[in-house]
Structures are given as C-alpha cells and as structure tokens.
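# An overview of the molecular structure
These are the residues of each chain, in order.
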Amino acid sequence: MSDAFPRGAVSIAGLATYGVGEAPGWSALELAAKAGLLAVEDAGLGITDVDGLFICLPSDLFAGLSLAEYYGIHPKFTDNNRTGGSSFVSHMITAALAIEAGYIDCALIAYGSNQRTSGGKLSTPARSSNWEAPYNPLFPLSSYALAAARHIHQFGTTRSHMAEVAVAARKWANTNPEAFAKGDLTIEDCLSSRMISDPISKSDCCLVTDGAAAIVLTRSDRAAAGSQPAVPILGAAAATWHNMISASADVTRTAAAESGPRAMAMAGVTPADIDVVQLYDAFTINTILFLEDLGFCAKGEGGPFVSNGGIAPGGHLPVNTNGGGLSYAHPGMYGLFAITEAARQLRGQAANQIAGCDIALAHTNGGTLSSQATVILGAPHTI
C-alpha cells in the first residue's frame, strides 16, 4: 500500500516562538497559548479562525481541552496525541489530511514548557519500564547512552565525533540572538565535561529551558494570500518501532530509516535535494543516528560525516541552524522548534539564513528513540 499525502495542498501560514530560554512566572499552558496567538497573528488571522487545535503539553493529558478553554473557542477538532517530541509532525499529518478533506479550515499546533523556571528538570510522566528499572537507568539519558555505546563499539564512532555535533550546534547558536547557550565551546571542552551516563557527558546533553512554539496550517491558496510567505508541506511521515529501548531490535538504527524515505518519496525529493536539515538533537548521538538513517550518509559513517565542521557553519550540510536542542533551546520536547526553524529558513527569515534554501527537512524524535517523524517543507515554487 502506497502513502497518500496531499503534497503541497496545505501550508504553514503563520509561526512563532516565545519565551525561549527562561520565562519566569509563566505556566506551560500560558506559554503555549501566547505562542499560538503570535502565530495566528503572524498568519494574518484571528483566534476564532482556528477550528482545529493540536497541542501536547509536558504534564497536561487534557491539553487540547485546556487550550480551547483558555482561548474561549469551540474547535471542530482537537488532538493532543502524545508520542513525545515527535508529536508535532504527527499533528501536522493529521491536520493536513483534515484540511485537504475539507473537514477543518485552519489548524493551530502549539507547545509550551516552563520546565527550567519551574524546577530545572525534565517534566514528563514517562518512566523506565519495569524491565529496565532494576538497572537504575537515568531516564531517558541512559537509553541514549546505550545507543551511543553500541555505535562506538560497532562502527568505531568516537566521543570526539559526538563532540563535533555539540560544537557545531554552539557555532550556529552564537549567531542566533534567540539561542539560550552561547560562548566558546571546543572539542576539548566536550571531552573533559562531566560524565553522566557513559559515554554521554554533560556536553552531549540538550539544554533544560523554557519556551513555546506554534504554527498555523491552512490551504496553500489561502496561505499564499496571507501576510507572510507560505511554506507548503511537501511530505510527512511517522514511524514507531518500539517504546522502551530494551525492546529495540537494533539500537544503532531508528525508525527514521522508515519515516525519512517515506516523507521524501511523498515530496518527490532525495537527500541530495535538501538544502537545510533540522534534527531533534536531545543528545549528540541523535544527530549522528538520524543523519545515517535519513540517508545523508551510510550507516556507521555519521561520525566522519560530522567531523571537521561538516554540519557547522560553512560545512557541507547545514544542520540545526538555530543551535538545536543542544544550544538553542530544549523545553522538554524540541520537535516544534525544529519545524519552525525549517519554515523560517524557507521564508528567508532565519537568524542564520542559508542562501537559496528551497527544500528543508525537519526530523523529530519521541521517547527513547521510539517514535520518529519527518516532514519535508518547500518554498512556494516547489509545489
């Protein structure tokens, strides 16, 4: 059975980020709601135009109901599907299909978290499984450490390769005014940083920040008449292979190997056609795994691919041009921030704008390398 997706029929008409870094005094819902209002305004619409509401908050299992109530609107459709940081591409898929079918006209997808100023720790109801808990893993960090250790053993990847990912992210962040972490960061700094769950050290871990993001989707013809450049959705796909890392058949291979090719096939592109890549870099090993699984390099070659500034400014592939979850922001779930950066690049509005950007890929990750979701966005002329 082939995938059926309305290529280019639906576009991002508005987007916003808000409260990135620290937002003291704001709740997660308030942050998400503010980003949503800004995104709706960015699209040249009003909140009452929204008839499809999609949200996933860190701890509110009824977030869709909460946000509708907060706005005082009565949407036709509400969804708070939870697959972790990959939730938001899944929301885009559902919204695009509903809009193309004429079931809804305007979808708002929002996220917010105050995890930094409300306690400084990851806010999630998820925990290690009963099978893993006896080993006292750090959740979710130790699961990613397991994948990194196996990749090192099987392919000769080194901690220096992982450090290249962190250093590249910091270089992008240093020229992005919105990024939370700035300053010099060297390979040596990374290699000497405190070990947390071997082989993952502090420098291999994402930030703990506040922040919110939102996008507005509508029909491409309607978006084209809006106040901002429309960003058509060319293809999007999600794939789930397991929940807990202990159920993974191969911890060096993720479901991005499925979601990426499917999304690219819908869009009619290959990795060689993609101008900029935004990856869910909760840990440095993620970037290496996803570059391999999405087809930008062969399995086991991710370390050499990122070496010598390969994904840093001036490298052969621009990756996480806002600084990523490692240096820009990581408020619990990073997925929607990867999407907004991809869209900003295609609008020509990114802080670190890539010249001639026509095709962008955003890839999102949920759980412990559990759920993967990929979206391909284009400039208007790519439809």
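It should be emphasised that the depicted structure is a prediction, and the values quoted were computed from it without experimental measurement.

Before going further, it helps to examine the environment of Gly 226. As for its position among the elements, Gly 226 is in the loop between helix H7 (220–224) and strand E8 (231–240). Of the residues examined, Gly 226 reaches a relative accessible area of 33% and is grouped as partly exposed. With 182 residues separating them along the chain, Gly 226 and Gly 44 place their C-alpha atoms 6.0 Å apart.

Attention shifts here to the side chain of Asp 210. Looking at the element boundaries, Asp 210 is found in strand E7 (residues 210–219). Looking at Asp 210, its side chain comes within polar contact range of the main-chain nitrogen of Gln 115, at 3.3 Å. Of the polar contacts made by the side chain of Asp 210, one reaches the side chain of Thr 117; its length is 2.8 Å. If near-sequence neighbours (up to four positions away) are discounted, Asp 210 is found in contact with Gly 19, Val 20, Gly 21, Glu 22, Ala 23, Pro 24, Ser 113, Asn 114, Gln 115, Arg 116, Thr 117 and Pro 331.

Of note, Asp 204 is situated in the loop between strand E6 (200–201) and E7. Residue Asp 204 is classed as buried on the basis of its relative accessible area, which comes to 2%. On a C-alpha basis, the gap between Asp 204 and Phe 283 in space is 5.3 Å, while along the polypeptide they are 79 residues apart. Not counting residues within four places of it along the chain, the set of residues in contact with Asp 204 comprises Arg 159, Met 162, Ala 163, Pro 199, Ala 282, Phe 283, Thr 284 and Leu 326. Among the polar contacts listed, one links the side chain of Asp 204 to the backbone nitrogen of Ser 201, at a separation of 2.9 Å. Among the polar contacts listed, one links the side chain of Asp 204 to the side chain of Thr 284, at a separation of 2.7 Å.

Turning our eyes to something else, we now look at the side chain of Glu 292. Relative to the elements of secondary structure, Glu 292 occurs in helix H9 (residues 284–293). Discounting residues that sit within four places of it in the chain, Glu 292 has contacts with His 151, Cys 297, Ala 298, Lys 299, Gly 300, Glu 301 and Gly 302.

Here we come to the UniProt feature "domain: Thiolase C-terminal" (unreviewed entry) in the chain. In the numbering used here, UniProt assigns the feature "domain: Thiolase C-terminal" (unreviewed entry) to residues 237–378. Span residues 237–378 is 32% helix and 17% strand, its end C-alpha atoms 15 Å apart.

Burial along strand E2 (residues 52–55) is two-sided: the face carrying Gly 52 and Phe 54 and the face carrying Leu 53 and Ile 55 are both buried. Here E2 pairs with strand E3 (residues 77–79) via three bridges, running parallel. Along E3, the bridge assignment pairs Gly 52 with Phe 77. A crossover links E2 with its parallel partner E3, the connecting element being helix H2 (residues 63–71), and its sense is right-handed. The pairing of E2 with strand E4 (residues 106–113) spans four bridges and is classified as parallel. When the sheet's bridge partners are listed, Ile 55 is paired in E4 with Ala 110.

Here the focus is the packing of aromatic side chains. Evaluation of the coordinates by the stated rule reveals nine aromatic pairs. Both rings, one in Phe 54 and one in Phe 77, keep their centres 5.8 Å apart while their planes meet at 50°; by these two values the pair is tilted. Of the two residues, Phe 54 is situated in strand E2 and Phe 77 in strand E3; the sequence distance between them amounts to 23 residues. The exposure class assigned to Phe 77 is partly exposed, which follows from its relative accessible area of 27%. With 5.8 Å between their ring centres and 80° between their planes, Tyr 280 and Tyr 334 make a pair best called edge-to-face. Of this pair, Tyr 280 sits in the loop between strand E9 (276–279) and H9 while Tyr 334 sits in the loop between helix H11 (324–328) and helix H12 (335–347), and the two are 54 residues apart along the sequence. Overall, Tyr 280 belongs to the buried group, its relative accessible area being 4%. Linked through ring pairs, Tyr 280, Tyr 328, Tyr 334 and Phe 337 together constitute an aromatic cluster. A cation over a ring is seen here: Lys 34 above Tyr 18, with NZ or CZ 5.8 Å from the ring centre.

Pairing is mixed across the open sheet formed by nine strands, whose spatial order is E3-E2-E4-E7-E1-E8-E11-E10-E9. A strand with exactly one partner marks an edge of an open sheet, and here the two such strands are E3 and E9. The average undirected angle you get between the axes of adjacent strands in this sheet is 20°. Sheet topology places E9 next to strand E10 (residues 359–366); four bridges connect them, and they run parallel. Counted as the bridge partner of Val 277 is Leu 361 from E10. Strand contacts of helix H1 (residues 28–42): strand E1 (10–21), E2, E4 and E7, with the helix running at about 140° to E1, the strand carrying the most contacts.

Thresholds, definitions, all that
- Residues numbered from 1 in each chain as written.
- Predicted model: local features only at pLDDT ≥ 70, side-chain atom pairs only at ≥ 80, totals over all residues.
- Heavy atoms only, no water.
- Helix = DSSP H or I, 4+ residues; strand = E, 2+ residues; numbered from the N terminus.
- Buried < 20%, exposed > 50% of the residue type's maximum accessible area, 1.4 Å probe, protein only.
- Polar contact = N/O pair within 3.5 Å; in protein donor to acceptor, adjacent residues only side chain to side chain.
- Contact = heavy atoms within 4.5 Å.
- UniProt positions renumbered as here; feature names shortened; annotations may be inferred.
- Pairing = 2+ DSSP bridges.
- Right-handed = clockwise from strand over helix to strand, strands pointing away.
- Phe/Tyr/Trp six-rings, centres within 6.5 Å; stacked < 30°, edge-to-face > 60°.
- Lys NZ or Arg CZ within 6 Å of the ring centre and 35° of its normal.
- Axes fitted to C-alpha atoms, helices over the stretch in contact; angles between N-to-C directions.

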